[in-house]
Amino acid sequence: MGLSECWKQLSWIYYQYLLVTALYMLEPWERTVFNSLLVSVGAMAVYTCYVFMPQHIMAILHYFEVVQ
Amino acid sequence: VCIKNVFSPGNGVASRPQKHEPFEQAPMYVAVMTYLGFGIVTLFGYLRDFLRAVGLEKCHLAQEREEQKDFIPLYQDFENFYTRNLYMRVRDNWNRPICSLPGPVFDLMERVSDDYNWTFRFTGKTLHNVINMGSYNYLGFAENNVDFLKTVADKVNQYGTGVCSTRQEIGNLSIHEELEGLVANFLGVESAMIYGMGFATNSMNIPALVGKGCLILSDELNHTSLILGARLSAATIRVFKHNNMHSLERMLREAVCSGQPRTHRPWKKILIMVEGIYSMEGSVVRLPEIVALKKKYKAYLYLDEAHSIGAVGPSGKGVTELFNVNPTDIDVMMGTFTKSFGAAGGYIAGKKELVDYLRSYSHSAVYATAMSPPITEQILRALKCIMGKDGTTEGLRRIHQLAENTRFFRAKLKEMGFIIYGNDDSPVVPILLYMPGKVVAFAREMLERRIGVVVVGFPATPITEARARFCLSAAHTRDMLNQVLHHLNEVGDTLCLKFSRRKYTSRPDLCAETNLELDS
């Protein structure tokens, strides 16, 4: 029961996303293109954060002389 | 029938409370998302155009023959970018074929598309009893009751259906003269003239009234027929902000003081063109103030009552009755019979000299075919019904029913939290949808729930303000309205359309609201 409700909620959120970005009017292959572009850009952003965030945080802490 | 006396004729213009006409702004994120949606569709439009140009995709549009590819292009490519890439994708929401009378409920033919709306085919099924919220059927005269239409059938027997001539040549039937007399009587003016087509009434008569050396001050949101007529006349056109009296007064002063652009000679005529009810906003013109301005600066007034004649006012006489303005103050009164009378055609009414002049000098009077006899009889019977001349109170009942429906529907919509535009008295109710994706989804969802709505988007409205326009009718029963409201509530929740940030109580506010400052 909880799973089907969760699925319904997710599918409603996906519907809202389609409406807001006007993907609702586009054909399925165009939706795939746009979604894959978005997912790949998002994945690249997350990966960059993961790789560089520790260095950036260390640099900030070093600047504010919290750690030597 | 309990008639609330909100429309009681006051002692004068000043005593009547001006109804508050809010044009509520949506939150900022809505505008951002609308632009985002349009941006994405435009990008994909460029992509598809590229694919079509390269040849990877079949082009469904009109193209020149191979031998003519070197010539000057016949089909303008970029001009219909929007039509090709946005409208074509979703055009199953417009031009839906109706196979019954456009009354309060109607039947639609079901059609599907296999190639994303480039071509359609009919499945053969009919959708019955779809509630009609889009027809301009304000008083419910689009009916096919045999008793009511008996006089129309008699006239077809007497006159046939075609007139086969123009009014000026040999097409002036006695039934036309009778209708013109009745229209003049109804409006309270000296004389009137009728034409076969409402759009042509505006576009062909304005060139006869003004010419080069005249000034036209037209409202921002005027209908295309008025704009076309103004352009055809070769007069100078200046546009003032919608319903904004400060803007209009400033333009009038400047026109009277400076005169024509280079020579500074005085203008031959200054004509102010406004509409009674604006069909895309549902807002009502500020008639008393415009009449005061016109008298002060000695300008002429052209009032287009296409949507308001028969639909507003305690006895259906339009905005002049709503605001208690003397009809002789308005120089040219124009209206159409398409909306409240269930027929086709238009009229121009005013002083006898004006109408006699138009009979000989207007293009529509001289060249256009006269109005067909059954249509003329339909307007006659509708007018007699509204005026009460057929001996029943049916007309008055319908007008009151329309007013009740309007008030009820608008109050409920505001309560639910939708953003709607327009005056509380106007039977045209636009619900703002803003985003292009939601516009299309709204139309499809409502059709699935057996309600037919009209949605309008970019070229007819500003780009961020796409809307669904509901036209109420005296033929809608309370049940139908409740059903529509129930479905609207559900669809509003599913699609997140309730953008309004105001708090409305469920009691209707009957006390006079103070007239807040004019929109500047």
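All of these numbers come straight from a predicted model, not from anything done at the bench. Within each chain, residues carry numbers counting from 1 in the order of the written sequence. Think of it this way: whatever chain is written first is A, whatever ligand is written first is 1, and the rest follow in order. Only residues with pLDDT of 70 or above have their local features reported here, since the model is predicted, and side-chain atom pairs are shown and tallied only from 80 upward, although totals for entire chains, interfaces and linings are computed over all residues. Computation of side-chain values covers all heavy atoms of the structure but excludes hydrogens and water.

## Section: the overall build of chain A
Then step 1. Across its full length, chain A carries 2 helices and 0 strands.
Then step 2. A radius of gyration in this sense is built from C-alpha atoms; the matching globule rule multiplies 2.2 Å by the number of residues raised to 0.38. Taking 11 Å as the expected radius of gyration for a compact globule of 68 residues, we find that chain A reaches 20 Å, considerably beyond that expectation.
Then step 3. Considered along the principal axes of its C-alpha atoms, chain A spans approximately 55 × 35 × 20 Å.
Then step 4. Residues counted as buried form 22% of the 68 residues belonging to chain A.
Then step 5. In short, Shrake-Rupley with a 1.4 Å probe defines the accessible areas, and a residue's cover is counted only from the protein chains shown. A total of about 5400 Å² of accessible surface is found on chain A, and carbon and sulfur atoms cover 76% of it. Numbering of helices and strands starts at the N terminus; helices are DSSP runs of H or I of at least 4 residues and strands are runs of E of at least 2. Exposure is judged per residue with a 1.4 Å probe applied to protein chains only, and the accessible area is read against the type maximum: over 50% gives exposed, under 20% gives buried, and values in between give partly exposed.

## A word on the overall build of chain B
Then step 1. What chain B contains, in helices and strands, is 15 helices and 13 strands.
Then step 2. Taking 24 Å as the expected radius of gyration for a compact globule of 520 residues, we find that chain B reaches 24 Å, a close match to that expectation.
Then step 3. Overall size of chain B, expressed as C-alpha extent along the three principal axes, is 65 × 60 × 55 Å.
Then step 4. Within chain B, counting contacts between residues at least 6 apart in sequence, those at least 24 apart form 71% of the total.
Then step 5. Surface accessibility of chain B: about 24500 Å² in total, with carbon and sulfur atoms responsible for 55%.
Then step 6. In this count, Lys and Arg are taken as positive residues and Asp and Glu as negative ones, while His and the chain termini are left out. Charged side chains are reduced to one point each, which is NZ for Lys, CZ for Arg, CG for Asp and CD for Glu. For chain B, the centre of its 59 positive side-chain charges and the centre of its 54 negative side-chain charges are spaced 3 Å apart. Contacts are assigned to residue pairs that have any heavy atoms within 4.5 Å of one another.

## Observations concerning the nonpolar core
Residues and elements named next belong to chain B.
Then step 1. Definition of nonpolar core: a set of buried residues of the types Ala, Val, Leu, Ile, Met, Phe, Trp, Tyr and Cys, connected through side-chain atoms within 4.5 Å. Met133, Leu287, Phe409, Phe442 and Phe470 are the most contacted members of the largest nonpolar core, which totals 113 residues.
Then step 2. The residues contacting phenylalanine 442, other than those within four sequence positions of it, are Leu433, Val453, Val455, Ala468, Phe470, Leu488, Val491, Leu495 and Leu497.
Then step 3. One finds Leu209, Ile216, Ala230 and Leu271 within the second-largest nonpolar core, a separate group that totals 21 residues.

## Concerning the interface of chain B and chain A
Then step 1. Each partner contributes residues to the interface: chain B has 25 residues there, and chain A has 17 residues.
Then step 2. Between chain B and chain A, the buried area comes to about 1900 Å², and carbon and sulfur atoms account for 72% of it.
Then step 3. Each of two parts loses accessible area, computed with a 1.4 Å probe, when they are put together; buried area is these two losses added. Together, B:Ile40, B:Phe44 and B:Tyr116 form the three largest contributors to the area buried by chain B at its contact with chain A, with a combined 27%.
Then step 4. One side-chain nitrogen of Lys or Arg within 4 Å of one carboxyl oxygen of Asp or Glu is enough to make a salt bridge. Inspection of the chain B/chain A interface yields 3 salt bridges.
Then step 5. B:Arg48 is the partner of A:Glu27 in a salt bridge, and the nearest nitrogen-oxygen pair spans 3.1 Å.
Then step 6. N or O atoms within 3.5 Å of each other form a polar contact, as long as, within protein, one can give a hydrogen and the other can take it, and as long as residues adjacent in sequence are counted only when both atoms are side-chain atoms. Our count for the contact surface shared by chain B and chain A stands at 5 residue pairs in polar contact (both at pLDDT 80 or more).

## Overview of the pairing of strand 5 (residues 236-240) of chain B
All names here are of chain B.
Then step 1. The pairing criterion for strands is at least two bridges between them, as found by DSSP. As judged from the 5 bridges shared by strand 4 (residues 215-219) and strand 5, these two strands associate in the parallel manner. Paired with leucine 217 across the two strands is arginine 238, which belongs to strand 5.
Then step 2. With the strands aimed away from the viewer, a crossover counts as right-handed if its path from the first strand over the helix to the second runs clockwise. Handedness of the strand 4-helix 6 (residues 224-232)-strand 5 crossover: right-handed.

## As for the sheet that holds strand 10 (residues 428-432) of chain B
Residues and elements named next belong to chain B.
Then step 1. An order of 10-13-12 is seen for the 3 strands of this open sheet, with the pairing classed as antiparallel. At either margin of the open sheet sits one strand with a lone partner, and together these are strand 10 and strand 12 (454-456). Across the sheet, the mean angle from the axis of one strand to that of its neighbour is 30°, orientation sign disregarded.
Then step 2. By the bridge criterion, 3 bridges tie strand 12 to strand 13 (residues 467-471) in an arrangement that is antiparallel. Within strand 13, the residue paired with valine 455 across the bridge is alanine 468.
Then step 3. Simply put, an axis is a line fit to the C-alpha atoms, just over the touching stretch for a helix, and the angle between two N-to-C directions goes from 0 to 180 degrees. The strands that helix 13 (residues 394-416) touches are strand 10 and strand 13; relative to strand 10, the one it contacts most, it runs at about 15°.

## Notes on the packing of aromatic side chains
Residues and elements named next belong to chain B.
Then step 1. Aromatic pairing here means that ring centres of Phe, Tyr or Trp (its six-membered ring) are within 6.5 Å. Orientation follows from the plane angle: under 30 degrees is stacked, over 60 is edge-to-face, and everything else is tilted. Evaluated as defined, the whole model comprises 13 aromatic pairs over all chains.
Then step 2. Geometrically, the ring pair formed by tyrosine 82 and phenylalanine 458 is edge-to-face, given 5.1 Å between the ring centres and 80° between the ring planes. Separated by 376 residues along the polypeptide, tyrosine 82 in helix 2 (residues 81-87) and phenylalanine 458 in the loop between strand 12 and strand 13 bring together distant segments of the chain.
Then step 3. Note on tyrosine 82: relative accessible area 26%, which makes it partly exposed.
Then step 4. Accessibility expressed as a relative area gives 32% for phenylalanine 458, which makes it partly exposed.
Then step 5. Consider the rings of phenylalanine 409 and phenylalanine 470, whose centres lie 5.8 Å apart with planes at 50°: the pair is tilted. Placement of the pair is phenylalanine 409 in helix 13 and phenylalanine 470 in strand 13, with a sequence separation of 61 residues.
Then step 6. Accessibility expressed as a relative area gives 0% for phenylalanine 409, which makes it buried.
Then step 7. Taking relative accessible area as the criterion, phenylalanine 470 reaches 0% and is therefore assigned buried.
Then step 8. Through pairs of rings, three or more aromatic residues link up here, namely Phe337, Phe341 and Tyr347.
Then step 9. Look at NZ for Lys and CZ for Arg. If either is within 6 Å of the ring centre and within 35 degrees of the ring normal, a charge sits over the ring. Here the guanidinium or amino end of arginine 111 rests over the ring plane of phenylalanine 120, the centre of that ring lying 4.1 Å away.
Then step 10. Residue placement shows arginine 398 over the ring face of phenylalanine 141; its charged tip is 4.6 Å from the ring centre.

## Concerning a positive patch on the surface
Then step 1. Residues B:Lys212, B:Arg262, B:Lys268 and B:Lys269 make up a contiguous surface patch of positive charge.
Then step 2. Relative to the assigned elements, B:Lys212 resides in the loop between helix 5 (198-209) and strand 4. Patch definition: residues with relative accessible area over 30% and no salt bridge; like charges joined within 9 Å; nonpolar side chains (Val, Leu, Ile, Met, Phe, Trp, Tyr) joined within 5 Å.

## Observations concerning the pattern of salt bridges
Then step 1. All chains considered together, the criterion is met by 32 salt bridges over all chains.
Then step 2. A salt bridge links A:Glu30 to B:Arg89; the nearest nitrogen and oxygen atoms lie 2.9 Å apart. Placement of A:Glu30 in helix 2 (residues 28-63) and of B:Arg89 in the loop between helix 2 and strand 1 (105-112) is noted, with the two residues assigned to different chains.
Then step 3. Exposure remark for A:Glu30: the relative accessible area of 0% places this residue in the buried category.
Then step 4. Of the residues examined, B:Arg89 reaches a relative accessible area of 11% and is grouped as buried.
Then step 5. The salt bridge involving B:Glu143 is made with B:Arg381; its shortest N-O contact spans 2.9 Å. Within this pair, whereas B:Glu143 is found in the loop between strand 2 (121-132) and helix 3 (150-159), its partner B:Arg381 is found in helix 12 (residues 373-387), the two being separated by 238 residues in sequence.
Then step 6. In this structure B:Glu143 comes out as buried when scored by relative accessible area, which is 16%.
Then step 7. Look at B:Arg381 and you get buried, because its relative accessible area is 12%.
Then step 8. Overlapping salt bridges bring together A:Glu27, A:Glu30, B:Arg48, B:Glu57 and B:Arg89 as one network.

## Let's talk about the UniProt feature "transmembrane region" (unreviewed entry) in chain B
Then step 1. UniProt marks residues 26-47 of chain B with the feature "transmembrane region" (unreviewed entry), using the numbering shown here.
Then step 2. In residues 26-47 of chain B, helix accounts for 91% and strand for 0%; the two terminal C-alpha atoms are 31 Å from one another. UniProt positions are given in the numbering used here, feature names are shortened, and annotations may be inferred rather than shown by experiment.

## Quick notes on the UniProt feature "transmembrane region" (unreviewed entry) in chain A
Then step 1. Within this structure's numbering, the places UniProt gives as "transmembrane region" (unreviewed entry) are residues 12-27 and 33-53 of chain A.
Then step 2. The span residues 12-27 of chain A carries 56% helix and 0% strand; its end-to-end C-alpha distance comes to 19 Å.

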